[in-house]
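Residue-level structure breakdown
Residue-level listing of the chains:
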Amino acid sequence: MTGRLTLPDTASIANQTEGGKLVAPSASRNLEPIAALLAKEAPSRGRALEIASGTGQHVAAFAARLPGLHWQPSDPDPVRRASIDAYATESGLSNIAAALDLDAAAPGWGARLAGQNLILLVNLLHLIPMDWVKVLIAEAAHALAPGGRFILYGPFLRDGSLTSDGDRAFHASLIAQDPRIGYKEIADILALLRAAGLSVIDLQEMPANNLAVVAERPAF
Ligand SMILES: C[S@@+](CC[C@H](N)C(=O)[O-])C[C@H]1O[C@@H](n2cnc3c(N)ncnc32)[C@H](O)[C@@H]1O
């Protein structure tokens, strides 16, 4: 484990519900826009790894809508892994594996989990230091199969600027908690993806000032 950060409540609100299932209001809000993005940009078949699955709301919905993908959710937090597994069980779907204990900022997992056709990461990069982001992107690039796609979603700085008062307040609260974290510059993330050998094939505006990046490992 790279180490756990103590994050502000605003970073990751998840309310407990029956049967160990957590509900994160942000995951409920962004589920449909991300599902629409995946419908356009995700491969239709193969292996999908979700990094930082959180509550499990996303993987249960995405596995239902993209049934040709076999989904591997993951999270380093055991309470969240229990919630992910509760959603998977409730869904009755056979294309969701048991949640994996994965610290995506710890070197080495890219080789262990090689051969992914899709890697999905929603709302983590602003919560970890840049050194961890570098490891995460290098490992994700390693884990992708040729032609595989890495889809990232979250809030970012754009040319050093924040786009709303809400983003300015959230970014400030993150830095107050830990000066190593906070929103990352989107240009730096695109450069890291390219340095890891990936092609950036799309950058999309998403609701609530978020961005989605679609990167691909070249097929040959
Ligand atoms: C803001 S939540 C996002 C969860 C989910 N992707 C969503 O959008 O609802 C951040 C998640 O990242 C997980 N996390 C924290 N550090 C991590 C790390 N080093 N590697 C992988 N996941 C991590 C947390 O346990 C938490 O579930």
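Remember, it's a predicted structure, so these values are computed and weren't measured experimentally. (Residues numbered from 1 in each chain as written. Predicted model: local features only at pLDDT ≥ 70, side-chain atom pairs only at ≥ 80, totals over all residues.)

1. A look at the site of the ligand
Taken together, 24 residues lie near the ligand, and Ala 27, Ala 52, Gly 54, Ala 104 and Val 122 sit nearest. The residue inventory of the shell around the ligand, partitioned by class, reads 13 nonpolar, seven polar and four charged. (Near = placed C-beta within 6 Å. Nonpolar A, V, L, I, M, F, W, Y, C, P; charged D, E, K, R; others polar.)

2. So, helix α5 (residues 130–143)
Helix length check: α5 (14 residues) gives 20 Å between terminal C-alpha atoms against 20 Å at 1.5 Å per residue, within 8%. Listed in full, the buried residues belonging to α5 are Trp 132, Val 133, Val 135, Leu 136, Ile 137, Glu 139, Ala 140, Ala 141 and Ala 143. On its buried face, α5 is in contact with β3 (46–51), α4 (109–112), β5 (116–122), β6 (144–154), β8 (184–185) and α7 (186–195). (Helix = DSSP H or I, 4+ residues; strand = E, 2+ residues; numbered from the N terminus. Expected span 1.5 Å × (residues − 1). Buried ≥ 20, exposed ≤ 12 C-beta atoms within 10 Å, placed from the backbone. Contact = placed C-beta atoms within 7 Å.)

3. Here we look at the environment of Glu 18
One can find Glu 18 in the loop between β1 (15–16) and β2 (22–23). Overall, the presence of 6 C-beta atoms within 10 Å leaves Glu 18 in the exposed class. Each C-alpha atom, one on Glu 18 and one on Ala 86, is 9.7 Å from the other, the two residues being 68 residues apart in sequence.

4. Observations regarding the sheet that holds strand β10 (residues 210–216)
As summarised here, the arrangement of the six strands in space is β4-β3-β5-β6-β10-β9, forming an open sheet in which the pairing is mixed. Either end of the sheet is taken by a strand with one partner, and the two such strands are β4 (69–72) and β9 (199–206). Ignoring strand direction, the axes of neighbouring strands in this sheet form an average angle of 15 degrees. Note that β9 and β10 share seven bridges and pair antiparallel. Each bridged residue has a counterpart across the sheet, and for Met 206 the counterpart in β10 is Asn 210. Packed onto the sheet, helix α2 (residues 57–65) meets β3, β4 and β5 and runs at close to 170 degrees relative to β4. (Pairing = 2+ DSSP bridges. Axes fitted to C-alpha atoms, helices over the stretch in contact; angles between N-to-C directions.)

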